[in-house]
Amino acid sequence: MPTPSPSTSPPPSRLWRDRSFRRLWAGQTASQFGEHTAVVVLPLVAVVTLGAEAGQLGALRAASQAPMLLLSLLVGAWVDRWRTRTVMVAADAGRAVVLGAVAVAAFTGRLDLVSLAVAAVVVGTLSVFFDVAYQASAVRLVARDELVRANSALEGSRSAAQTGGPALGGVLVSLLSAPVAVASGAVFFAVSFLSVRGIRRTESVPRRTPGGSGVWARVRDGWRFVVGDATLRAVCVASAAFQFAFSAATTVYLLFLPRDLSLSGAGVGLVLAAVGPGALVGSVLAARLPRRFGYGRVLVTAAVVGDGVWLCVPALHGSPAVTVPVLCGVGLVFGAGGQLVNVTVMAVRQTVTPDGMQARVAATVTCVGMGATPLGSLLGGLLAEAWGTRPALAVAAVGMLVSPVVMAVSPLGRLRRALPPGSGGSGGGE
C-alpha cells in the first residue's frame, strides 16, 4: 500500500472516487444502522411488549454487550490474518438471519425474554467481528494520508447510526409493531451484505510465515503493544471510564424517558435521533479543529462539553412539549462532542499502530473500553431499582466526566497539532 509524503494533500474528492471505499462506507453505514437499531429495539421490545423490569433490562443489555469483553481480543488476532471483506460479509449474513428469526417469533407471539437474550448475544458476537474488521479494512484500503478523512466519514456514519437507528426503532415499535421493528435491523444487514460483497480491491493482508505464532501469542503481542504505548494506554483507560458510565446512563435513560417523562415510542425515537445531526457536525469539525488547535486540547474540551451536558437530564420535569426540546438539545451537544472525540482518537490510534497490528490493537481497545459496558448496564439497572431513575442518572452522568479527566492528565491531553510518527509498514504481521 503506498504511503504518500506527509506534505502531500490529496484532493478532497479523491477518496470518494474510490469505488472500494464507497462500498465499504455504504456497507458499514447500513451495518451500523442495523446494529444500533437492534441495540435499542430489543430493550424497547422487552420493556414495552414483555414488561421487563429494570434489573431484567440491565441483564439483557449486559448479555448483548458481553461479547465485546469476552471475544474482542481473539477476534482481533483472527481478523488480522484474514480478508476483512470475508469477515464482514459473514457477520452481516448471520445477523440478518438471527433478527429475521426473532421477528418471526415476535409475529407469532412466541417471543420471550430468554429468546431475546439469546438473539442479543449472537448479534453482539457477530457485531464484534464486523466492527473490528471494518476498522482494519479502512487501513488496508485507504492511503495513510487519507485516513483522517476516511475515518471522519466512517465514524460519522457510526455515530449517526447510534441515534438514527434507535430513533427508527423507537418509531417502528410505537407506530407499527415489534416484529417490524426487529425486522428493520435484518434489512439493514442484508443491504450491508450486498454492498461489502461488491468490494473488489485485493487487500494487503499481512503475510503469514511458516510456523508463525499461534492465536494466543498474537493476542499477547497486541496486548503488549497497547500496554507498552503510553498514548494507547490512555485511550483504553479513558474509553473504559466513559463506556462504563455511559452504559449505566443509557440503561437508566431507556427507563427514564417512557416512565418518568411519559414519552411515547416516537418521542423516545425523536430524542435519540437528535444525536445524529450533532454527530455530523462533530465529523466535519474533526477534520479541521485538531490540526488547528491541537489534538489534545480538542479531545479534552469536546469530552468535557459533550459528557457534561448530561448533568442537566436528571433535573428535567414537565410535559413532553417542554422536555423533548431540551433533550434534543442535549443530544445535539453530546453527539457533536462525542463524534469529535471518536474521530480524533481513532486517528491517533491508527497513526501509532503498524498495519499488521491494526485489528489486534482495535480489538484490544474495544475489549478494554467497550468490555466495560456489560458491567455498566448491570450497575445502571441495579441503581435504578435501588435508588430510582433520577438519582441513578445523576450518578452515571457524573461518572461520564472521569473520561476527560483521564485524557487531560495523560499523553492524549498533551498532543499538539501534529500526531506522533507511526510505526508504519506492516510490522507485527506474525
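The rules behind each value
Residues numbered from 1 in each chain as written. Predicted model: local features only at pLDDT ≥ 70, side-chain atom pairs only at ≥ 80, totals over all residues. Heavy atoms only, no water. Helix = DSSP H or I, 4+ residues; strand = E, 2+ residues; numbered from the N terminus. Contact = heavy atoms within 4.5 Å. Areas by Shrake-Rupley, 256 points an atom, 1.4 Å probe, with all protein chains shown as cover. Salt bridge = Lys/Arg side-chain N within 4 Å of Asp/Glu carboxyl O. Buried < 20%, exposed > 50% of the residue type's maximum accessible area, 1.4 Å probe, protein only. Phe/Tyr/Trp six-rings, centres within 6.5 Å; stacked < 30°, edge-to-face > 60°. Axes fitted to C-alpha atoms, helices over the stretch in contact; angles between N-to-C directions. Parallel < 35°, antiparallel > 145°, perpendicular 65-115°, else oblique. Nonpolar A, V, L, I, M, F, W, Y, C, P; charged D, E, K, R; others polar. Left-handed = near helix turned anticlockwise from the far one by under 90°. pLDDT = per-residue confidence, 0-100. Expected span 1.5 Å × (residues − 1).

J.: Before we move on, can you summarise the overall build of the chain with the specific residues and values?
T.: If you tally the helices and strands in the chain, you get 17 helices and zero strands. Restricting the contact set of the chain to residue pairs at least 6 apart, pairs at least 24 apart contribute 90%. On the chain, roughly 16800 Å² of surface is accessible, and the fraction owed to carbon and sulfur atoms is 67%.

J.: How would you explain the pattern of salt bridges if you had to name every residue and give the values?
T.: Taken as a whole, this structure holds two salt bridges when the rule is applied. With a shortest N-O distance of 2.9 Å, Asp-92 and Arg-95 are connected by a salt bridge. Of the two residues, Asp-92 and Arg-95 are both situated in helix H3 (residues 84-107); the distance of three residues between them amounts to about one turn of the helix. In this structure Asp-92 comes out as buried when scored by relative accessible area, which is 0%. Here the salt bridges do not stand alone but share partners, grouping Glu-35, Asp-92 and Arg-95 into one network.

J.: Hey, could you go over the packing of aromatic side chains for me, with residue numbers and the actual values?
T.: Per the stated rule, a full pass over the model turns up eight aromatic pairs. When the ring of Phe-130 is compared with that of Tyr-134, the centres are 6.2 Å apart and the planes differ by 45°; the resulting orientation is tilted. Taken as a pair, Phe-130 and Tyr-134 lie in helix H4 (residues 113-141) at a separation of four residues, close to a single helical turn. Taken individually, Phe-130 and Tyr-134 each receive the classification buried, so the pair is uniform in this respect.

J.: Any chance you could break down the packing of helix H16 (residues 389-400) against helix H17 (residues 402-409) for me, citing the residues and the numbers?
T.: Packing of H16 against H17 brings their axes to within 4 Å, and their N-to-C directions diverge by 10°. By the angle class used here, H16 and H17 are roughly parallel. In this structure, H16 uses Val-398, Gly-399 and Met-400 to contact H17, whose residues at the interface are Val-402, Ser-403 and Pro-404. Considered class by class, the residues forming the contact of H16 with H17 number four nonpolar, two polar and no charged.

J.: Go over the packing of helix H8 (residues 230-260) against helix H15 (residues 373-387) with me, naming the residues and quoting the values.
T.: Interhelical geometry of H8 versus H15 gives an angle of 45° and a closest axis separation of 7 Å. Classified by the interaxial angle, the pair formed by H8 and H15 is oblique. The hand of the H8/H15 crossing is right-handed. Contacts from Gln-243, Phe-244, Ser-247, Ala-248, Thr-251, Val-252 and Leu-255 in H8 reach Thr-373, Leu-375, Gly-376, Ser-377, Leu-379, Gly-380, Gly-381 and Ala-384 in H15. Along the lines of polarity and charge, the residues of the contact of H8 with H15 split into seven nonpolar, eight polar and no charged.

J.: For the side chain of Ser-377, give the residues involved together with the corresponding values.
T.: Looking at the secondary structure, you find Ser-377 in helix H15. Residues in contact with Ser-377, not counting those within four places in the same chain, are Gly-58, Arg-61, Ala-62, Gln-65, Ser-247, Ala-248 and Thr-251.

J.: Can you explain the side chain of Thr-373? Please cite residues and give values.
T.: The residue Thr-373 is located in helix H15 in this model. When neighbours within four sequence positions are excluded, Thr-373 is seen to be in contact with Gln-65, Met-68, Gln-243 and Ser-247.

J.: Tell me about the confidence of the model for the chain, and please be specific about residues and values.
T.: Averaged over all residues, the pLDDT of the chain equals 80, while 88% of them reach at least 70. Segment residues 1-13: pLDDT under 50, and 15 contacts once partners within four positions in sequence are set aside and those in other chains are kept.

J.: Tell me what's going on with helix H6 (residues 178-197), and back it up with residues and numbers.
T.: With 20 residues, H6 extends 29 Å between its outermost C-alpha atoms, agreeing within 8% with the 28 Å of an ideal straight helix rising 1.5 Å per residue. Taken together, the buried positions of H6 are occupied by Ala-178, Pro-179, Ala-181, Val-182, Ser-184, Gly-185, Ala-186, Phe-189, Ser-192, Ser-195 and Val-196.

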